[in-house]
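The residues making up each chain are set out below.
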Protein chains: 2
Amino acid sequence: MSKPFVVGIDIGGTNTVFGIVDARGTVIATGSIKTRKHSNINDYIEELHGELSKLIVASDAEDKIAGIGIGAPNANYFTGEIADGVNLPWPTPIPLADLVSSKFGIPVAITNDANAAAIGEMTYGVARGMKDFIMITLGTGVGSGIVVNGQMVYGHDGFAGELGHVIMKRNNGRMCGCGRTGCLETYASATGVARTAREFLESRAGEPSILRALDIDSITSKDVYDAAIAGDKMAKDIFEFTGNILGEALADFISFSSPEAIVLFGGLAKSGDLLMKPLKESMEKNTMPVFKGKVKLLLSELKESDAAVLGASALGWEAKAAADIKK
Amino acid sequence: MSKPFVVGIDIGGTNTVFGIVDARGTVIATGSIKTRKHSNINDYIEELHGELSKLIVASDAEDKIAGIGIGAPNANYFTGEIADGVNLPWPTPIPLADLVSSKFGIPVAITNDANAAAIGEMTYGVARGMKDFIMITLGTGVGSGIVVNGQMVYGHDGFAGELGHVIMKRNNGRMCGCGRTGCLETYASATGVARTAREFLESRAGEPSILRALDIDSITSKDVYDAAIAGDKMAKDIFEFTGNILGEALADFISFSSPEAIVLFGGLAKSGDLLMKPLKESMEKNTMPVFKGKVKLLLSELKESDAAVLGASALGWEAKAAADIKK
């Protein structure tokens, strides 16, 4: 008999959140531990195992877990490892899939957070039944997960779908954490919005704005949102600028894979018409005629608190296949 | 017993070339007719049927054709139609797959020329065994065919892979035939090279160049190539400019699907180091660190005279599947 539950684990820089999920996408139970408590990865896996095992027992789900899916930064579906360049307390690469599967005796598949979000959306969310869509996560950075022919696009090395790092400004672009300049992420993320605010406050020196009452170096996208809602012209312009550049990017993505929909997720995606109106206009205006009016722009329907665990858990259903894929 | 041959048909603006191909990619026989001779599509199909049937009989291939693959501008794999906006003498949409399959009694699959080239490269060429690659055709325009997980990316509507129309210059970009400005195609195609030559000749008014002896309005990419080979500084700079912008574009494509290779095809791709040196440098320089040094830049190995027919023929092997896909 096939097992009725999967486990989803979302490893963030601060918290590791996990949950037991059924085939309908109902989160049966959740828990969490601190990601940075142990400087040794084995101690971390030990605590994760202890806490998660308690949750499984309490949920009467022993021997009923089909697979464990994990979303983590730089996690590679093919190798099962977390690659270099992440803000985690352990030396990389981290053989995460092997560590967790041997500890639990359950098949494990891992991928990065944005891919997990896309799989979650395809399995339980607004992209159910879609064979071609692009998930864009608008958080601190810009992440993406691309689905083509009903399959995640992992690329030949497992790292495909870095749409936050296509270049939007080829001259005088903003410095990006990836070491290059002008990446989409430096404009269309929460930090990008804050950077735009700082730029506008300086370049429009004479113009009044609620934002001028704030310490310029600690302005957040939330501050800009609040000011825009209060009617502040400059704050509204900042969202217009952000929507415009994101729309230009989405139009190019459409030329690549001609998706049925682009699904937005993350804090910035909840800015309502402030972002969505200029974004939709810019996307349509910049889209190649053959694709115009064809691509839906959707917001994720997954509850934010559950989404990361749900997305990761959806990968748990295919954990066996992933174990086969690994060399 | 499975049938040993396929037919490939390449419908160009001037000539329609066809050939009979075996499973190894050997072109057994070829022929051609004029695309524009008949203003009625049925007369065209009639002549195609007559000429191709003669070829099949002469090649002793009657009842041995597994499928017919057709590459044609704006041809849609899903609908089997040639869509609007093409330079062909018949009203669109043209139900090409139905017309040809009912005339021949053989399954037919169609797609655009660049996708056909990608399938040809995957079946018979330099991309054999690759599951993830991008084909870029550098001709009058810039076409593309994208392969992910061993499958062509058609997108939800069959029109995916328009990489010649990602925007490379967001301000003061060149006018493109698609109605927008700044498309890659306006820079990195044969016509793009000629446009660059005209721009350079005007903007560098004082600089001597072999190209100044030519009529500025009729300069071709071949003229620029010949001048560069003869050592002309400006002509070499034109290739440098072209390679640089194409490399920037390829770097963005890599962030999308992380291909094992990018395969170049078409007249401009045969410019040797004049193009390839700046192109490789620019691609590596602009590629996101996680992908650097991982993606091969390859030239098509298919003989140019056979390539279009070979590419289309490769689609013939899956013509049955395509017939099933159609609603």
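Residues numbered from 1 in each chain as written. Chains lettered and ligands numbered in written order. Predicted model: local features only at pLDDT ≥ 70, side-chain atom pairs only at ≥ 80, totals over all residues. Heavy atoms only, no water.

Enquirer: What should I look at first to understand the sheet that holds strand β4 (residues 65-71) of chain A in this one?
Expert: The strands making up a sheet associate through backbone hydrogen bonding, with each pair oriented either parallel or antiparallel. Residue and element names in this part refer to chain A. The five strands are arranged β3-β2-β1-β4-β5 in an open sheet whose pairing can be described as mixed. Two strands bound the open sheet, and with one partner strand each, they are β3 (27-34) and β5 (108-111). Shown here is a sheet whose adjacent strand axes are inclined to one another by a mean of 15°, direction ignored. Each of β1 (5-11), β2 (15-22), β4 and β5 is contacted by helix α3 (residues 113-124), which is oriented at about 115° to β5, the strand it contacts most. (Pairing = 2+ DSSP bridges. Helix = DSSP H or I, 4+ residues; strand = E, 2+ residues; numbered from the N terminus. Axes fitted to C-alpha atoms, helices over the stretch in contact; angles between N-to-C directions. Contact = heavy atoms within 4.5 Å.)

Enquirer: In this structure, what is going on with the confidence of the model for chain A? I would like to understand it.
Expert: Should pLDDT be low for a region, the predicted coordinates there are not to be read in detail. Per-chain confidence: chain A averages 94 in pLDDT, with 98% of residues scoring 70 or above. Both confidence scores are given for the complex: pTM 0.94, ipTM 0.93. (pLDDT = per-residue confidence, 0-100.)

Enquirer: I tried to follow the packing of aromatic side chains on my own but got confused; where do I start?
Expert: Each aromatic ring pair is described using two quantities: the centre-to-centre distance and the angle formed by the ring planes. Per the counting criterion, the structure on display carries 17 aromatic pairs over all chains. Every member of this aromatic cluster is reached through a ring pair, and the members are F253 and F256 of chain A together with F253 and F256 of chain B. (Phe/Tyr/Trp six-rings, centres within 6.5 Å; stacked < 30°, edge-to-face > 60°.)

Enquirer: Sorry if this is basic, but what is going on with the side chain of T287 of chain A here?
Expert: Among the secondary structure elements, T287 of chain A is positioned in the loop between α8 (273-286) and β10 (296-299). Side-chain polar atoms of T287 of chain A contact the backbone oxygen of M283 of chain A, separated by 2.5 Å. Not counting the four nearest positions on each side in its chain, T287 of chain A is found in contact with A251, I254 and K292 of chain A together with R180 of chain B. (Polar contact = N/O pair within 3.5 Å; in protein donor to acceptor, adjacent residues only side chain to side chain.)

Enquirer: What am I meant to see in helix α1 (residues 41-58) of chain B here?
Expert: An α-helical turn contains 3.6 residues, so any two residues separated by three or four positions project in the same direction. All names here are of chain B. For α1, built from 18 residues, the straight-helix expectation of 26 Å at 1.5 Å per residue is met to within 8% by its first-to-last C-alpha distance of 26 Å. Turning to α1, its buried residues are I41, Y44, I45, E47, L48, L52, L55 and I56. All buried residues of α1 fall inside an arc of 165° around its axis, so they share one side. With respect to the buried face of α1, the exposed residues turned more than 90 degrees away are K54 and A58. (Expected span 1.5 Å × (residues − 1). Buried < 20%, exposed > 50% of the residue type's maximum accessible area, 1.4 Å probe, protein only. Arc of directions from axis to C-beta.)

Enquirer: I tried to follow the interface of chain B and chain A on my own but got confused; where do I start?
Expert: In many analyses, interface size is given as the accessible surface area lost on bringing the parts together. Of the residues lining the interface, 39 residues belong to chain B; the matching set on chain A comes to 39 residues. Between chain B and chain A the total buried area reaches about 3,500 Å² when both faces are included, carbon and sulfur atoms providing 56% of it. Area buried by chain B at its contact with chain A is led by H156, R170 and F256 of chain B, which between them contribute 23% of it. Across the chain B-chain A interface, the total number found is six salt bridges. Put simply, D252 of chain A and R170 of chain B hold a salt bridge, and the shortest N to O gap is 2.9 Å. (Buried area = accessible area lost by both parts, 1.4 Å probe. Salt bridge = Lys/Arg side-chain N within 4 Å of Asp/Glu carboxyl O.)

Enquirer: Would you mind showing me how to read helix α5 (residues 190-203) of chain B here?
Expert: Residues and elements named next belong to chain B. The terminal C-alpha atoms of α5 lie 20 Å apart, and with 14 residues this matches the ideal 20 Å at 1.5 Å per residue to within 8%. When α5 is considered as a whole, its buried residues turn out to be G192, V193, A194, T196, A197, F200 and L201. Where α5 is buried, its residues contact α4 (185-188), α6 (221-229) and α7 (233-257).

Enquirer: Mind showing me how you'd approach the environment of K3 of chain B here?
Expert: All names here are of chain B. Looking at the secondary structure, you find K3 in the segment before β1 (5-11). Spatially, the C-alpha atom of K3 lies 46 Å from that of M288, the residues being 285 residues apart in sequence. Sequence-distant contacts of K3, that is, excluding residues within four places in its chain, are made with D63, K64, I65, A66 and W317.

Enquirer: Hey, could you run me through the relation of the copies chain B and chain A in this one?
Expert: Think of it as a corkscrew move, a rotation about one axis and a shift along it, taking one chain copy to the other. With an RMSD of 0.0 Å, the operation that places chain B on chain A is a rotation of 180° combined with a shift of 0.0 Å along the axis. This pairing of chains is accounted for by a two-fold axis. Comparing interface residues between copies, 100% of those in chain B also lie at the interface in chain A; the contact surface is shared. (Least-squares fit on C-alpha atoms with pLDDT ≥ 70 in both.)

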